[in-house]
Every structure is written in C-alpha cells, then in structure tokens.
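This is what each chain is made of:
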Amino acid sequence: PIKYLILSDIHRDARSDDRGLFNVGSIDHFSEHSQLYLDILNYADAQGYTVIEAGDGEELWYIRDFSGYRGPAEHLEEILVTHAPIYAKLADMYQHGKYLRMIGNHDSYLRRPAVFSRLQQRFPASDPAGRPFTLYDYIIIDGVKTMDERGLVDLLRHDIWDGLTEEDKFKTII
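What counts and how
- Residues numbered from 1 in each chain as written.
- Predicted model: local features only at pLDDT ≥ 70, side-chain atom pairs only at ≥ 80, totals over all residues.
- Heavy atoms only, no water.
- Phe/Tyr/Trp six-rings, centres within 6.5 Å; stacked < 30°, edge-to-face > 60°.
- Helix = DSSP H or I, 4+ residues; strand = E, 2+ residues; numbered from the N terminus.
- Buried < 20%, exposed > 50% of the residue type's maximum accessible area, 1.4 Å probe, protein only.
- Axes fitted to C-alpha atoms, helices over the stretch in contact; angles between N-to-C directions.
- Parallel < 35°, antiparallel > 145°, perpendicular 65-115°, else oblique.
- Left-handed = near helix turned anticlockwise from the far one by under 90°.
- Contact = heavy atoms within 4.5 Å.
- Nonpolar A, V, L, I, M, F, W, Y, C, P; charged D, E, K, R; others polar.

Participant: Let's hear about the packing of aromatic side chains: which residues, and what values?
Facilitator: Summed over all chains, the structure comprises 6 aromatic pairs. Considering the side-chain rings of Tyr-94 and Phe-133, the 5.3 Å spacing of their centres and the 90° angle between planes classify their relative orientation as edge-to-face. With a gap of 39 residues between them, Tyr-94 in helix α3 (residues 84-95) and Phe-133 in the loop between α4 (113-120) and β4 (135-136) connect regions that are remote in the sequence. For the pair Tyr-94 and Phe-133, one class covers both residues: buried. Ring plane angle 5° and centroid distance 6.0 Å describe the contact between Phe-116 and Phe-133, whose orientation is recorded as stacked. Within this pair, whereas Phe-116 is found in helix α4, its partner Phe-133 is found in the loop between α4 and β4, the two being separated by 17 residues in sequence. Of the two residues examined, Phe-116 and Phe-133, each falls in the buried class. An aromatic cluster of three or more residues is present, and its members are Tyr-94, Tyr-99, Phe-116, Phe-123 and Phe-133.

What follows is the structure, given as structure tokens:
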C-alpha cells in the first residue's frame, strides 16, 4: 500500500518578508522552520511516503510594502530562491513519483501561466508516469473513505449506526 504524508498551509515566505521580530509588516510563516520542514521531507522520502502538499505552499497574498511590490511572479521567484533546498527536495521527490501538489487560496496566483511557469521550471518535465508537473484542485486517494462514507455525521444517525456490525462500528470510529 502507498503511504501518504499530507501537509497543508506551509506558507513558504520570501527572505524580504521578514523585517525582524515585532516590526509591523513582518512575517516569517515558514523561514524560521525551513530546516525542520526539509528534515520532514527527507524522513518522508526515506520511509517511502508520497508527500501531498494540500494548498498554500507559498505565501503569495502577503504584500509587506506596496511601494516595492513587483507582482506575484517576482515574489514567487524570491520565495523559490529563499527556499532553494526545499524546492530541490520536492523536485527530486516529484521525479520519483513521490510528490503531489494542490492549490490553495494563498498560492492562487499560480493559476496564472506567467506565475506557474516560475514554479514549473523547478521541477522535471514529467513524473515517472509521464505526467507533467500539475497543481490539482483536489486529489482522491483510492481506499480512503470520505465524510459521506460513514463519517462523523453517521455516528449521530442511529438508523445507520444500529445496522452496522461491531467490526464496521470500529472502522467508522478510526
């Protein structure tokens, strides 16, 4: 079976986004913990996990200073340079079929071809199955039950709960 590690709301930031502690307009959503994130990716890779980043991989909404803002493509480029080792690891995992990516709201500028091409250039042309690097709106994992398939709501519906075997009740809870 395939093992997945699903990560969300990473918000990789640019070096220029950090103005220092307690300064107005400063963020460091990610930079302070970038080595930890790289360690997590290395662990996941070594243990055979497929990593799914489930949206908001980059912080493209935050604009700390409009006077120097050059647009989302240039901001993404700075993020890519700031966290080059992370993107190199993600590209390596993608090349081996071990990385998938969903789009979120804070990285929604990636829907623009001129912005997406900056990210796409960091990844191999295709994965082992020949698929080009893609940002997905959603990913369905075979064998994983959805909230519609005996989810939490069903625990409240006695007509369904009472009809389940003890084994199915256990499966529903976990």
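Participant: I'd like to hear about the packing of helix α2 (residues 72-82) against α4, residue by residue, with values.
Facilitator: The N-to-C vectors of α2 and α4 enclose an angle of 15°; their axes lie 9 Å apart at closest approach. In this view, α2 runs roughly parallel relative to α4, as classed from their interaxial angle. Relative to α4, α2 is oriented so that their crossing is right-handed. Along the contact surface, α2 presents Pro-72, Ala-73, Glu-74, Leu-76, Glu-77 and Leu-80, while α4 presents Ala-114, Val-115, Arg-118 and Leu-119. For the contact of α2 with α4, the residue count by class is 7 nonpolar, no polar and 3 charged.

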